[in-house]
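Each chain, letter by letter, is given below.
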Amino acid sequence: MLAVNELLQQVANGLAKGSVYALIAVGYTMVYGVLELINFAHGEVFMLGAYFGYWPARWLGYMPDSGEKPQVPAPVALLLTFGAMAACALIGVLVERLAYRPLRNAGRLSALITAIGISVLMQNLALVVFHADSKDFPRMIDQQSVVLGPVELPNTKLLIIGVTALMMAGLFWMVRYTRTGAAMRACSHSMKTASLMGVNVNRIISLTFAIGSAMAAVAGVLISLDQPRLTPLMGLMPGLKAFVAAVLGGIGSIPGAVAGGILLGVVESVVGGVAGTTYSEAVAFVLLILILLVRPSGLFGKSGREKV
Amino acid sequence: MALLEIEHVDVFYGAVQALRSVSLRVEQGEVVSLVGSNGAGKTTTLNAICGLVRPRAGDVRFDGQSIARVPTHELVRRGLVMAPEGRGIFPNLTVAENLDLGAYSRRDHGAVKTDLDRVLALFPRLNERMRQKGGTLSGGEQQMLAIGRALMSRPKLLLLDEPSLGLAPLLVKVIFDTIDAINREGVTVLLVEQNANAALKHSKRAYVLESGSIALEGDASQLRDDPAVKAAYLGE
């Protein structure tokens, strides 16, 4: 049996893991909210975020661990993150423009299959461009342990949790209190009616992809603090799990995606602690099956269809 | 020059022709109504004007310019606004947010505030509901919100699709009186109604649509006395 302290420790670890899921999951849920499309290429955007942080760091001469410039100073790390966010936002917007927009009226199945196709395409392009061998992200902070009451966390995990909280607060504020946020919520109800308000629906959709992709880029850079190993297929499992997290929370709901991500991370960590990491990989999918059986609309989802 | 001119517009849904060579015009300052039975093509006509469906043939001109290819959101900026059928309230947004979205394309924030006060003076009921979600309003309040929201964009031409649908008689009167008031303030109105009686009473001219084409047109007062109109639409 686990001691209480050990359980708390796993919960704390799970918060960091879940933060990364949550950052990716908001991209799924926002796009679904507006287009009712599961953008399966979103996990690959997360992978690209990691590489878009990695390559500029290498160009600037920072090397993983051994080497003359081992550690990326904080201001540079911040700039790298912004760069990765901008690059991923552009990729997200381009994918929507080139792949999804021409299919906007073609039915949801065509768009879904296209999304899977884009995902495979991006994985393989990444294999060609970045090569199959793994890369190690240069260290961005000096790893130290921080003791917080009964739990002890590396400062990298604390940073992941802190940055995620900050990003989520910003996103909530934008969606809740700005006119653009209101336009996004309006589009998620009805694009037709939103256009009658003077809302340029295509621009809102582009913005939705840009924001979701930038959040995934942050996740890609953040996870490199904790697990610095980059591979072209690194987006696959986190992408799938973030999708599960979005469904858990109720797809279309931003708070739901955050809650689903955190929940999934915590449950995975706790199960990993109790039963070993072999089982923790399966947890996401067990949770998915359970939630689909008990509450198909998810934790924060609206049950049934909206009345018109 | 008319504010709005539609010339020989054909609209198809797949293989089905919904509008056949529909022509109509709305002069600056008028209230014009478009009446007809269910499925005659009234809503399609409005949708073709504001770009939600595209005519296969014919032209739509607003303020002297062809708008047959102009996107809907751009038309709002130019002053052509529709309060859609079924009101189109965003149920997940508050009344205040719904109204603010009406002014989405405007950047003159001071004037927007003045317009908000005017709308709330027109519909005092909305003032008490500003923090409520749009979906919690009654049907009449939703219709007031839909019209108020459309006014927030400072329209030159307001398209109203079935504003009286599903409302109690007392509220129908309130809505039509409001349309008169809006028109007196200088907004031109094109009104689609199944309630032909009220629509003809409150408009200057009218068109009667039958199975996708214009069957009759003229002064509203004359149409009200027309025996065919009386029999078919006024229930007399």
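What counts, and where the lines are drawn
- Residues numbered from 1 in each chain as written.
- Chains lettered and ligands numbered in written order.
- Predicted model: local features only at pLDDT ≥ 70, side-chain atom pairs only at ≥ 80, totals over all residues.
- Heavy atoms only, no water.
- Helix = DSSP H or I, 4+ residues; strand = E, 2+ residues; numbered from the N terminus.
- Rg over C-alpha atoms; globule rule 2.2 N^0.38 Å.
- Buried < 20%, exposed > 50% of the residue type's maximum accessible area, 1.4 Å probe, protein only.
- Contact = heavy atoms within 4.5 Å.
- Areas by Shrake-Rupley, 256 points an atom, 1.4 Å probe, with all protein chains shown as cover.
- Lys, Arg positive; Asp, Glu negative; His and termini not counted.
- Charge placed at Lys NZ, Arg CZ, Asp CG, Glu CD.
- Pairing = 2+ DSSP bridges.
- Axes fitted to C-alpha atoms, helices over the stretch in contact; angles between N-to-C directions.
- Buried area = accessible area lost by both parts, 1.4 Å probe.
- Salt bridge = Lys/Arg side-chain N within 4 Å of Asp/Glu carboxyl O.
- Polar contact = N/O pair within 3.5 Å; in protein donor to acceptor, adjacent residues only side chain to side chain.
- Nonpolar A, V, L, I, M, F, W, Y, C, P; charged D, E, K, R; others polar.
- Parallel < 35°, antiparallel > 145°, perpendicular 65-115°, else oblique.
- Left-handed = near helix turned anticlockwise from the far one by under 90°.

**Q** Residues and numbers for the overall build of chain B, please.
**A** What chain B contains, in helices and strands, is 10 helices and 10 strands. Computed over the C-alpha atoms, the radius of gyration of chain B is 17 Å, within 12% of the 18 Å expected from 2.2 N^0.38 for a compact globule of 236 residues. Overall size of chain B, expressed as C-alpha extent along the three principal axes, is 45 × 40 × 35 Å. Out of the 236 residues in chain B, the part that is buried amounts to 56%. Counting contacts in chain B only where the partners sit at least 6 residues apart, residues at least 24 apart contribute 67% of the total. Approximately 9,800 Å² of chain B is accessible, and the part contributed by carbon and sulfur atoms is 50%. Of the charged side chains in chain B, 28 are positive and 28 negative; the average position of the first set lies 4 Å away from that of the second.

**Q** Which residues make up the sheet that holds strand 1 (residues 4-13) of chain B, and what values do they have?
**A** Residue and element names in this part refer to chain B. Spatially, 2-1-4-5 is the arrangement adopted by the 4 strands of the open sheet, whose pairing is antiparallel. In this open sheet, the two strands that pair with only one neighbour each are strand 2 (16-26) and strand 5 (65-66). By the bridge criterion, 5 bridges tie strand 1 to strand 4 (residues 57-62) in an arrangement that is antiparallel. For Ile6, the partnering residue across the bridge sits in strand 4 and is Val60. Sheet contacts for helix 1 (residues 42-49): strand 1, strand 2 and strand 4; angle to strand 1, the most-contacted strand, approximately 115°.

**Q** Which residues make up the interface of chain A and chain B, and what values do they have?
**A** With 19 residues of chain A at the contact, the number on the chain B side is 26 residues. A buried area of about 2,000 Å², summed over both sides, lies between chain A and chain B, and 62% of it is on carbon and sulfur atoms. Sorting the residues of chain A by area buried against chain B places Arg179, Leu196 and Met197 of chain A first, and these three jointly supply 41% of that buried surface. Summed over the shared surface of chain A and chain B, the number is 3 salt bridges. Between Glu97 of chain B and Arg176 of chain A there is a salt bridge, with the nearest N and O atoms lying 3.2 Å from each other. Our count for the contact surface shared by chain A and chain B stands at 6 residue pairs in polar contact (both at pLDDT 80 or more). Elements supplying a minimum of two residues to the side of chain A that touches chain B: helix 6 (179-189) and helix 7 (191-196) of chain A. Here the element with the most residues in the side of chain A that touches chain B is helix 6 of chain A; it accounts for 7 residues. Residues belonging to the side of chain A that touches chain B are distributed by class as follows: 8 nonpolar, 7 polar and 4 charged.

**Q** Explain the packing of helix 9 (residues 236-249) of chain A against helix 10 (residues 254-275) of chain A to me, using residue names and the numbers behind them.
**A** Residue and element names in this part refer to chain A. At a minimum axis separation of 7 Å, helix 9 and helix 10 run at an interaxial angle of 120°. As summarised for this structure, helix 9 and helix 10 are arranged oblique, according to the angle between their axes. Relative to helix 10, the crossing made by helix 9 is right-handed. Residues Lys241, Ala245, Ala246, Leu248 and Gly249 of helix 9 form the contact with helix 10, whose participating residues are Gly256, Ala257, Gly260, Gly261, Leu263, Leu264 and Glu268. Across the contact of helix 9 with helix 10, the residue classes break down as 6 nonpolar, 4 polar and 2 charged.

As far as function goes, none of this settles anything; it's purely spatial.
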